[in-house]
Amino acid sequence: RRALHVNIFGTSVINTKSMLTLAGEGGFLHRMTALEWENGLRTVLGSSNDFKFETWPQRFEACDLPFDVKQELPLFKFGLKVWSTLRRFYNAYVDIYYKDDDAVQSDAHLQTYWRFQCTPQYTNGLPSLSKVALVDQMTHACFYVTAYHQAAGDVVQYITTPTGMFFQIREGQKMADAEMLANTMTLTASTG
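Residues numbered from 1 in each chain as written. Predicted model: local features only at pLDDT ≥ 70, side-chain atom pairs only at ≥ 80, totals over all residues. Heavy atoms only, no water.

**Things to note about the overall build of the protein**
Of regular secondary structure, the protein possesses twelve helices and zero strands. Burial analysis of the protein (192 residues in total) assigns 31% to the buried set. In the protein, the proportion of contacts linking residues at least 24 apart, taken out of those at least 6 apart, comes to 57%. Working note: accessible area of the protein is about 12,600 Å², and carbon and sulfur atoms make up 57% of it. (Helix = DSSP H or I, 4+ residues; strand = E, 2+ residues; numbered from the N terminus. Buried < 20%, exposed > 50% of the residue type's maximum accessible area, 1.4 Å probe, protein only. Contact = heavy atoms within 4.5 Å. Areas by Shrake-Rupley, 256 points an atom, 1.4 Å probe, with all protein chains shown as cover.)

**Some words on the nonpolar core**
Of all hydrophobic cores here, the largest spans 25 residues; its most connected members are Trp56, Leu134 and Phe143. Elements with a minimum of two residues in this core: helix H5 (56-62), helix H7 (74-97) and helix H10 (131-152). With seven residues, H10 is the largest single contributor of residues to this core. Residues Phe28, Leu29, Met32 and Ala176 belong to the second largest nonpolar core, which totals six residues. (Core = buried A, V, L, I, M, F, W, Y, C linked by side-chain atoms within 4.5 Å.)

**Structural notes on the pattern of salt bridges**
Taken as a whole and judged by the stated rule, the model has three salt bridges. Asp136 is paired through a salt bridge with Arg87; the nearest N and O atoms lie 2.6 Å apart. Placement of Asp136 in helix H10 and of Arg87 in helix H7 is noted, with a sequence separation of 49 residues between them. Here Asp136 falls in the buried class, since its relative accessible area comes to 14%. Residue classification places Arg87 among the partly exposed positions, given a relative accessible area of 23%. Where Asp95 meets Lys131, a salt bridge forms, and the shortest distance between an N and an O atom there is 2.5 Å. Taken together, the residues span a long stretch of sequence, with Asp95 in helix H7 and Lys131 in helix H10 at a distance of 36 residues. (Salt bridge = Lys/Arg side-chain N within 4 Å of Asp/Glu carboxyl O.)

**Here we look at the side chain of Thr55**
Position of Thr55 relative to the elements: it lies in the loop between helix H4 (37-46) and H5. In this view, Thr55 contacts Trp83 and Asp136; residues no more than four positions away in its chain are not counted.

**A look at the confidence of the model for the protein**
The predicted model of the protein averages 82 in pLDDT, with 77% of residues at 70 or higher. Per-element confidence in the protein ranges from a low mean pLDDT of 66 for helix H11 (residues 156-159) to a high of 97 for helix H8 (residues 101-105). (pLDDT = per-residue confidence, 0-100.)

**Quick notes on unusual backbone geometry**
A positive phi angle, close to 45°, is found at Phe116, a residue other than glycine. Checked against the element boundaries, Phe116 lands in the loop between helix H9 (108-113) and H10.

**Focus on the packing of aromatic side chains**
If you walk through the whole model with that rule in mind, you get 17 aromatic pairs. Aromatic pair Phe89 and Tyr93: ring centres 6.2 Å apart, planes at 35°, arrangement tilted. With Phe89 and Tyr93 both in helix H7 and four residues apart, this pair spans about one turn of that helix. By relative accessible area, Phe89 is classed as partly exposed at 46%. Ring geometry for Phe143 against Tyr144: centres 5.6 Å apart, planes inclined by 75°, an arrangement best described as edge-to-face. Ring pairs connect the aromatic residues Trp56, Phe60, Phe67, Phe76, Trp83, Phe143, Tyr144 and Tyr148, which therefore count as one cluster. (Phe/Tyr/Trp six-rings, centres within 6.5 Å; stacked < 30°, edge-to-face > 60°.)

**Describing H7**
The end-to-end C-alpha distance of H7 is 34 Å, a good match for the 34 Å that 24 residues give at a rise of 1.5 Å each. Taken as a whole, H7 carries its principal kink of about 30° at Leu80. Taken together, the buried positions of H7 are Leu75, Phe76, Gly79, Trp83, Leu86, Tyr90 and Val94. (Expected span 1.5 Å × (residues − 1). Bend = angle between axes of the 7 residues up to and from the residue.)

**Digging into a nonpolar patch on the surface**
Taken together, Leu65, Val69 and Leu73 make up a surface patch of nonpolar side chains, about 190 Å² in accessible area. Residue placement: Leu65 occurs in the loop between H5 and helix H6 (67-70). (Patch = residues over 30% accessible without salt bridge, like charges linked within 9 Å, V, L, I, M, F, W, Y side chains within 5 Å.)

Structure (structure tokens):
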């Protein structure tokens, strides 16, 4: 926990509060979109249940974009370097505390952690607990709340101007109206 806390500080609290205030039927996010609840926003939000653990190198290889296209996208172009750097750090960290797989597997706290009781979908595709699997999972957690989130979840750049990314833009308009801009800024502020 100590190793991950510095990188994911506050994430779980922000995400929990967000789910309570934003993501339910009739919640703030629902009211901001043009999506119906059934077969709409509920389906989109429920897609997190389809999560499957994979390392970034596995994801990179599985993506069917041509290599030259991947080199144009910052997350692909630099992601493997970031992953490699994070993985070296977490490998060295785990080596300090655990000599081998037996040491990892006999740690009761790690056994509990590995069950992901609050987010059971995190176990989808997760290998059995071992030193290598622990290093990969810790690297994965850090990579996704830093590098990946910067590319896919950093919404501040989208809402800086009224021509950014918004849920509703009126027909014949090229930007959000004042109400949508205020709602989106409020949404962003409420999620940390």
